[in-house]
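# Commentary on secondary and tertiary structure
Here's the letter readout for the chains.
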Amino acid sequence: MYSCSIIIVAYNSCDFIPACLKSVRDACEGIDAQVIVLDNGSVEPILPEIRQFFPEVEWIDSKENLGFGKGCNFAEKHATKPYLFFINPDTIISKNAFREMLKFMEEHPEAGTVGCRILNEDGTLQWACRRSFPTIVSAVSKTIGLAAMFPKSKTLASYNMTYADPDEMIEVDAISGSFFCIRRDVYEKLNGFDEDYFMYGEDLDLCFRTKKMGLKNYYTPVTNILHFKGQSCRTRRWGSYVDFYKAMLIFVKKHKDLYFVPNFLVSFGILFAAFVGMFSRLIPKFWKMFLDLGVVALWAFSFLNHTSVVSDVCFHDSSCLESGCAGTSEVIKHSIMDFAQFEDWWLVGLVVVVNFAFLIFRGEYTESSLKGEKFLRYLIPLNLLTVGGYEAFRYFTQMPVVSEGGNNYWPYDPHLIVWTICSSLFIPLALLAWRRIAFWINYFYRIFAKKRHRSILLGGREDSLTNWFDSYNVIPGIEILGCVSGEPDKISAENRQHLLGPLSDMESICNRTGCRELLVVSNFSGYREDFDINWLDKLGLRVYLLIGNGKNGNFALVDLKYLH
């Protein structure tokens with residue numbers, strides 16, 4: 001009988017780890033397995049209810065986030081089996097995964113580590129499951145896009161090895177840390193992961209040291225796993241981005257022998273890639289930025305486009321009045337249309353910086369969500385404080401304008417100041433308004449153009465399904481019509497309002513509703529209702545596993561054909 005220890009380091013993974021552990025439990029059938037889960041200082045710790053559903057798991061807790069490598073080393077001290085599997089909590093393991101990987105290790109005694117084919121939730125290959133060590137050429141070509149333009153080039157596309165057939169077993173420099181197997185004695189001789197890496201790079205470093213020991217790293221396509229990339233990083237997007245490039249700098253410093261140019265040049269290249277990546281990864285939704293900039297411009301031209309003019313009429317003698325003298329006009333505050341003399345460009349610039357800095361670091365431009373509510377409660381006071389602070393500063397530091405008639409006038413009138421401060425409410429409200437309008441335009445367009453998939457949920461006995469029927473929280477491109485269950489009499493009272501009927505009536509329900517997709521709900525215990533995928537396939541239904549709670553886009557859809 002095969003024997004292994006399975007180590008999972010979880011950070012804020014409550015929504016995904018139940019489905020992961022359920023797949024691990026199924027894959028451990030007939031294997032002497034030890035499952036260890038470290039809750040790595042999560043802000044949202046793993047719930048006691050989840051722990052109760054998986055009594056076979058050894059649960060360990062850390063009071064702080066140790067990072068991935070240090071967390072793995074900490075959990076490995078509890079391992080007792082000859083082989084170690086390191087698995088990310090945002091993965092689904094196919095039923096034969098452990099058996100096939102252990103069989104491979106037994107047949108290849110020269111193997112130090114082995115990784116398998118890792119798929120995205122849509123079934124496409126995650127290229128990081130087999131890699132070469134980064135070189136100057138591969139790093140530059142990947143950063144500027146040459147690797148994507150010439151995927152079959154062994155020189156330009158060497159990092160992700162896109163030139164190699166993913167259906168063939170191959171020796172590689174490195175495999176992915178999201179799922180791999182290593183001999184425990186090898187791991188301990190290497191002293192585990194290098195704890196200088198907080199997150200990212202530690203798998204690359206471990207593979208480098210494994211090869212240096214004289215062992216080999218292999219990629220094998222004998223089994224698949226699904227990986228929902230980046231779920232643990234959702235709560236720390238900026239931090240994880242910094243960690244990635246920091247890890248690359250650490251790797252270069254530790255393994256200088258890989259490079260034949262001065263270290264500072266390699267480091268400069270990494271920093272350049274980080275700068276380019278800041279725009280391509282952290283701010284991919286440029287169209288939202290342009291529309292938001294338009295909102296600020298509309299505010300400026302609508303509410304700051306006022307001109308204060310003062311007329312001084314000459315009353316010194318009657319001849320002036322008889323000659324039609326109208327006195328003189330003095331402009332004491334210019335309109336925004338007078339670009340050269342407009343006094344409040346600093347205010348416009350300040351409003352742009354404050355709003356965009358907040359939206360960028362809140363992750364508003366990293367996702368296509370048009371909900372917008374999460375920033376509204378912050379931007380209202382933020383804009384009031386910004387505009388109010390600026391106007392107060394200008395009011396108390398202003399100098400009077402002396403007219404030709406000798407009178408003093410103040411450019412910043414209290415009434416004008418109050419009007420400008422109140423007008424700042426327009427910005428957050430307009431930012432939300434255009435998102436709502438765009439959402440509903442897109443929503444009805446997809447319906448009338450028949451671009452929205454009509455789907456039904458399978459589940460509802462325990463977890464609430466209400467969130468999936470929230471109009472502003474729906475899955476993009478999918479219209480959820482209701483739910484079905486194998487045992488509809490056990491559906492909870494809260495979910496009963498969405499019940500369309502029993503699963504056995506699926507054919508008539510599909511004919512009635514036009515549904516062509518069934519989303520199998522994986523609840524907080526990893527439980528999902530039983531179904532016959534062959535029968536559903538005959539009905540012409542696509543079957544997906546639905547993981548997560550859906551809040552703020554926190555979900556994953558898995559095409560179950562990749563695991564069957």
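Here, every reference points to the structure presented above.
Note that the structure is predicted; figures quoted are calculated from it, not measured.

It is worth spelling out the overall build of the protein chain at this point. A tally of regular secondary structure across the protein chain gives 18 helices and 21 strands. Residue burial in the protein chain is summarised as follows: out of 564 residues, 50% are buried. Look at the contacts in the protein chain between residues 6 or more apart in sequence, and 74% of them connect residues 24 or more apart. Just so you have it, the protein chain exposes about 27,000 Å², and 59% of that area is on carbon and sulfur atoms.

A separate point is the packing of helix α11 (residues 286–303) against helix α13 (residues 345–361). The geometry of α11 relative to α13 is characterised by a closest axis approach of 11 Å and an angle of 150 degrees between their N-to-C directions. As the angle between them shows, α11 and α13 are arranged roughly antiparallel. Crossing handedness for the pair α11 and α13: right-handed. Of the residues in α13, those in contact with M289, D292, L293, V296, W299 and A300 of α11 are L347, V348, V351, V352, F356, L359 and I360. Here the contact of α11 with α13 is built from residues that sort into 12 nonpolar, no polar and one charged.

If you walk through the whole model with that rule in mind, you get 15 aromatic pairs. Seen from their ring centres, F16 and F228 are 5.6 Å apart, and the 50 degrees between their planes marks the pair as tilted. A residue pair is termed long-range when its members are at least 10 positions apart, and F16 in the loop between β1 (3–10) and α1 (17–27) and F228 in the loop between β11 (216–227) and α9 (237–254) qualify at 212 residues. Take F228: its relative accessible area is 1%, and that puts it in the buried class. Measuring from centroid to centroid gives 5.5 Å for F303 and F426, while their planes differ by 55 degrees, and the two rings are tilted. Separated by 123 residues along the polypeptide, F303 in helix α11 and F426 in helix α16 (residues 426–448) bring together distant segments of the chain. Through a chain of ring-to-ring contacts, the aromatic side chains of F68, F86, F180, Y187 and F193 assemble into a single cluster. For R130, the ring lying beneath its charged end belongs to Y219, and the centroid distance is 5.4 Å.

Right, let's get into the nonpolar core. A general tendency of soluble globular proteins is for nonpolar side chains to be buried together. Counting 94 residues, the largest nonpolar core has I6, F85, I87, F98, F179 and M506 as its most contacted members. Excluding anything up to four places from it in sequence, I6 contacts V24, C28, A33, Q34, V35, I36, F85, I87 and F98.

The next thing to look at is the side chain of T162. Among the secondary structure elements, T162 is positioned in the loop between α6 (146–149) and β8 (170–172). You can call T162 buried: its relative accessible area is 15%.

So, about α13. For α13, which comprises 17 residues, the first-to-last C-alpha distance of 24 Å matches the rise-based estimate of 24 Å (1.5 Å per residue) to within 8%. All of the buried residues in α13 are L347, V348, V351, N355, F356, F358 and L359. Taken down its axis, α13 places every buried residue within 160 degrees of arc, on the same side. Structural note: α13 exposes W346, V353 and F361 on the side pointing more than 90 degrees away from its buried face. Trailing α13 by a residue or two, G363 shows a phi angle of about 80 degrees, which is positive.

What follows concerns the environment of G548. Relative to the assigned elements, G548 resides in strand β20 (residues 542–548). In the structure, G548 is positioned 533 residues away from D15 in sequence and 4.6 Å away in space, judged by C-alpha atoms.

It is worth spelling out helix α3 (residues 68–76) at this point. Summarising burial for α3: seven of the nine residues are buried, a large majority. For α3, every residue scored as buried is listed here: F68, G69, G71, C72, N73, A75 and E76. Where the residues of α3 are buried, they touch β1, β2 (32–40), β3 (57–62), β4 (83–87), α7 (184–189) and α8 (202–212).

This part is about unusual backbone geometry. Even without a glycine there, the phi angle at N12 is positive, about 50 degrees. By the secondary structure assignment, N12 is in the loop between β1 and α1. On the accessibility criterion, N12 (13% relative accessible area) is buried. The phi dihedral of Y200 falls on the positive side, at around 75 degrees, and the residue is not glycine. Along the chain, Y200 falls in the loop between α7 and α8.

Counting across every chain of the model gives 13 salt bridges. In this structure, the salt-bridge partner of K22 is D26, at a minimum N-O distance of 3.1 Å. Residue K22 and its partner D26 are located together in helix α1, separated by four residues, close to a single helical turn. A salt bridge links R51 to D61; its shortest N-O distance comes to 2.7 Å. Placement of R51 in helix α2 (residues 48–53) and of D61 in strand β3 is noted, with a sequence separation of 10 residues between them. Residues joined by salt bridges that share partners form a network here, namely D39, R51 and D61.

This next bit is on a nonpolar patch on the surface. A grouping of L384, L425 and L429 is seen on the molecular surface, where their side chains present a nonpolar patch of about 220 Å² in accessible area. As for its position among the elements, L429 is in helix α16. Residue classification places L429 among the partly exposed residues on the basis of a relative accessible area of 45%.

This part covers the side chain of S132. Here S132 is to be found in the loop between β7 (130–131) and α5 (136–144). The exposure class of S132 is buried, given its relative accessible area of 12%. Dropping the residues within four chain positions of it, S132 is found in contact with S158, Y159, M161 and D173.

Let us look at the state of the cysteines. Counting across every chain of the model gives zero disulfides. As a non-bridged cysteine, C129 has C116 as the owner of its nearest cysteine sulfur, 7.5 Å distant.

Bringing the environment of I50 into the picture now. Structurally, I50 is set in helix α2. Judged by relative accessible area, I50 falls into the buried class, the value being 1%. C-alpha separation for the pair I50 and C14, spaced 36 residues apart in sequence, amounts to 8.4 Å.

Conventions adopted
- Here the residue numbers are simple positions, counted from 1 along each chain's written sequence.
- With the structure being a predicted model, the display of local features is reserved for residues of pLDDT at least 70 and the display and counting of side-chain atom pairs for 80 or more, all residues being used for whole-chain, interface and lining totals.
- By convention in this description, side-chain values take in all heavy atoms of the structure and omit both hydrogens and water.
- For the purposes of this entry, the term helix denotes a DSSP run of H or I that reaches at least four residues, the term strand denotes a run of E that reaches at least two, and both are numbered from the N terminus.
- Only protein chains enter the accessibility calculation, which uses a 1.4 Å probe; a residue is then buried when its area is under 20% of its type maximum, exposed when over 50%, and partly exposed in between.
- When checking whether two residues touch, look at their non-hydrogen atoms; a contact exists if any pair is within 4.5 Å.
- Using a 1.4 Å probe, the Shrake-Rupley method yields the accessible areas, and only the shown protein chains count as cover for residues.
- Comment: axis = line fitted to C-alpha atoms, over the contacting stretch for helices; angle = value between 0 and 180 degrees taken between N-to-C directions.
- Angle categories: roughly parallel below 35 degrees, roughly antiparallel above 145, roughly perpendicular from 65 to 115, and oblique for all the rest.
- When the near helix sits turned anticlockwise from the far one by under a right angle, the crossing is termed left-handed; a clockwise turn instead gives a right-handed crossing.
- Under this grouping Gly is polar, as are all residues other than the nonpolar Ala, Val, Leu, Ile, Met, Phe, Trp, Tyr, Cys and Pro and the charged Asp, Glu, Lys and Arg.
- Only Phe, Tyr and Trp rings are paired, with Trp represented by its six-membered ring, and only when their centres lie within 6.5 Å; those with planes under 30 degrees apart are stacked, over 60 edge-to-face, the remainder tilted.
- Only Lys NZ and Arg CZ are tested; either one counts as a charge over a ring when it is within 6 Å of the ring centre and within 35 degrees of the ring normal.
- To define a nonpolar core, start from buried Ala, Val, Leu, Ile, Met, Phe, Trp, Tyr and Cys residues and group those joined through side-chain atoms within 4.5 Å.
- Here a helix's expected span is defined as the number of its residues, less one, multiplied by 1.5 Å.
- Think of the arc as the fan of directions from the helix axis to the C-beta atoms.
- The rule for a salt bridge is simple: a side-chain nitrogen of Lys or Arg has to be within 4 Å of a carboxyl oxygen of Asp or Glu.
- Nonpolar side chains (Val, Leu, Ile, Met, Phe, Trp, Tyr) are joined into patches within 5 Å and like charges within 9 Å, using only residues with over 30% relative accessible area and no salt bridge.
- Our working definition of a disulfide is a cysteine sulfur pair at a distance within 2.5 Å.

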